[in-house]
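# What the coordinates show
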Amino acid sequence: MYEQADVVGGHVRTEWLRGIPYEPHGAHIFHTDDSAVWNLVSKFTDFVPYQHRVTIRMRSHQLSWPLQRDELPQLEEWPQVERELSLLPPEPDTTNFETYCRSLMGQTLYDLCIRNYTMKQWGRDPDKLSASVAVNRVELRGDSYRGLFRDRHQGWPERGYADLVEALLEPAEIHLGQPITCTDLAEIARPGEPVVITSALDDFFNGELGPLEWRGVRLESEFIPGTKLAQASMVVNEPDLAVPWTRTIETKWALEKLHDVPRTIIMREYPGAAAKHYPVPDSAGRNKALQASYEAKLAAHTRNPLMAAGRLATYSYINMDQAVRQGLDAARRVAGTH
Ligand SMILES: Cc1cc2nc3c(=O)[nH]c(=O)nc-3n(C[C@H](O)[C@H](O)[C@H](O)COP(=O)(O)OP(=O)(O)OC[C@H]3O[C@@H](n4cnc5c(N)ncnc54)[C@H](O)[C@@H]3O)c2cc1C
C-alpha cells in the first residue's frame, strides 16, 4: 500500500488528548445496512452503540436536525411556515438543490436553516448544486425519531478509528509519504498485476484532462478543562452567516463512559479549505462528465488492470461503509484477475 501522507487512515482518524477523543478531519459515525461490512469491521475493533444526534442553532433556538414538525411551532415564523407547509407539492422538485429543499419544507424554513448553511459549506449559490446533494440528507420529519441515521447497524469504535484502520491493514506492506501517479506504476507493480487506485483520478493522471473540483474543510480543536459536555449533541449546525464555521463537533458524545469526565474537546469546522473532502456535484454535471473521462482513461490502461475504490477515486460522496464495500468488491476483482 502506498500512502502520500505520513500516517494511515485518510479522513478517518481519531486523536486523544488527556483521554478525550477528537477527529482532526471531521466527525465520523459508522452506520450501515450492509451486514457483511458491519460484521467485518466489528471483527477488527469493538464498537459501542451510539445513535448520532445533530442539532441546529437558529438565533436563540436549538432544534433537532433533521427538523421535526413538532418542534417548529416555537419559531417566531411558525404561522408563515405552517401556511407554506400546507401548500407543498406532493413530490420534491429535483431541478437543483434549492428547488428540492424549498419544495420539501417551504421558502421560510429553507431560508432559515438551509440556504446560508449551504452557501457556507459549498461556497456557491444552492441553485448551482445538484439535487442529489439533498436527496437522503435533507428531510422534514414528523415521526419524532431524532437519530440522524436509520441504518440497522450504528456505532463508534471504542478505541477510536486508528485502531480499526491499523487492524484492517495488519497484513499489508505499507509505504508512507509516497504520492503515486500513473507514471509510478512501472516501479510499484509488475506488468499485468492489478492495482486498486484510491487517489483522486485527476491527481493520478497528473491533471491531464483538467482538475476535478473539490470542497474541503478545516477543523480547529479546543480543549476545555472543567466541562463535562460543552454542547447539546455531538454535532451542532450553524446556519448563521455571521458565524464563520459551519458546525461544531464534540466527539466525546460517542462514548457514554466518558460523559462524567470533567474535560472535553470541541472542534469547529470551517469550510473552504484546500483539501479533497467533498466532490462538487454541480447542477450542470461538468464534474461528473470529467470524472467519467478519467474513468475511461483508467479502463483503457493496458499495462495493469486499474480499479477505482473510495471517495476520492470514484468522485462520490460516500460513507465509510460504502468505502469498505468498494474495497471488498475491488479485492474480489483482484482475486479474480490475478
Ligand atoms: C468532514 C467529513 C465527515 C464525514 N463523516 C462521516 C461519517 O460520519 N460517517 C461515515 O461513514 N463517513 C463519513 N465521512 C466519509 C468518510 O470520510 C469517507 O467515506 C472515507 O474517508 C472514504 O475513504 P477513502 O479511502 O475513499 O478516502 P480518504 O479517507 O480520503 O483516503 C484516501 C487516502 O489516499 C491518500 N492519497 C490520496 N491521493 C494519493 C496519492 N496520489 N498517492 C498516495 N496516496 C494518496 C490520502 O492521503 C488518504 O490517506 C466523512 C467525510 C468527511 C470529509
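Residues numbered from 1 in each chain as written. Predicted model: local features only at pLDDT ≥ 70, side-chain atom pairs only at ≥ 80, totals over all residues. Heavy atoms only, no water.

## Observations regarding the UniProt feature "domain: UDP-galactopyranose mutase C-terminal" (unreviewed entry) in the chain
- On the UniProt side, "domain: UDP-galactopyranose mutase C-terminal" (unreviewed entry) is annotated at positions that read residues 114-317 here.
- The distance from the first to the last C-alpha atom of residues 114-317 is 19 Å, and the span holds 22% helix and 24% strand. (UniProt positions renumbered as here; feature names shortened; annotations may be inferred. Helix = DSSP H or I, 4+ residues; strand = E, 2+ residues; numbered from the N terminus.)

## As for the packing of aromatic side chains
- One pass over the full model with this rule turns up eleven aromatic pairs.
- Where Trp 38 meets Phe 47, the ring centres are 4.8 Å apart and the plane angle is 50°; that geometry is what we call tilted. For the pair formed by Trp 38 and Phe 47, the shared burial category is buried.
- An angle of 75° between the planes, with centres 6.0 Å apart, marks the rings of Trp 245 and Tyr 270 as edge-to-face. (Phe/Tyr/Trp six-rings, centres within 6.5 Å; stacked < 30°, edge-to-face > 60°. Buried < 20%, exposed > 50% of the residue type's maximum accessible area, 1.4 Å probe, protein only.)

## Examining the sheet that holds strand S5 (residues 54-58)
- With mixed pairing, six strands are arranged side by side in an open sheet as S6-S5-S12-S13-S14-S11. Two strands close off the open sheet at either side, each with one partner strand: strand S6 (61-65) and strand S11 (214-225). Each neighbouring strand pair of the sheet contributes to a mean axis angle of 25°, computed without reference to strand direction.
- Taken together, the three bridges between S5 and strand S12 (residues 235-237) define a ladder with parallel strand orientation. Across the sheet, residue Val 54 finds its bridge partner in S12, namely Val 235.
- In the packing of helix H4 (residues 107-122) onto the sheet, the strands contacted are S5, S6, S11, S12, strand S13 (247-249) and strand S14 (263-279), and the crossing angle to S14 comes to about 65°. (Pairing = 2+ DSSP bridges. Axes fitted to C-alpha atoms, helices over the stretch in contact; angles between N-to-C directions. Contact = heavy atoms within 4.5 Å.)

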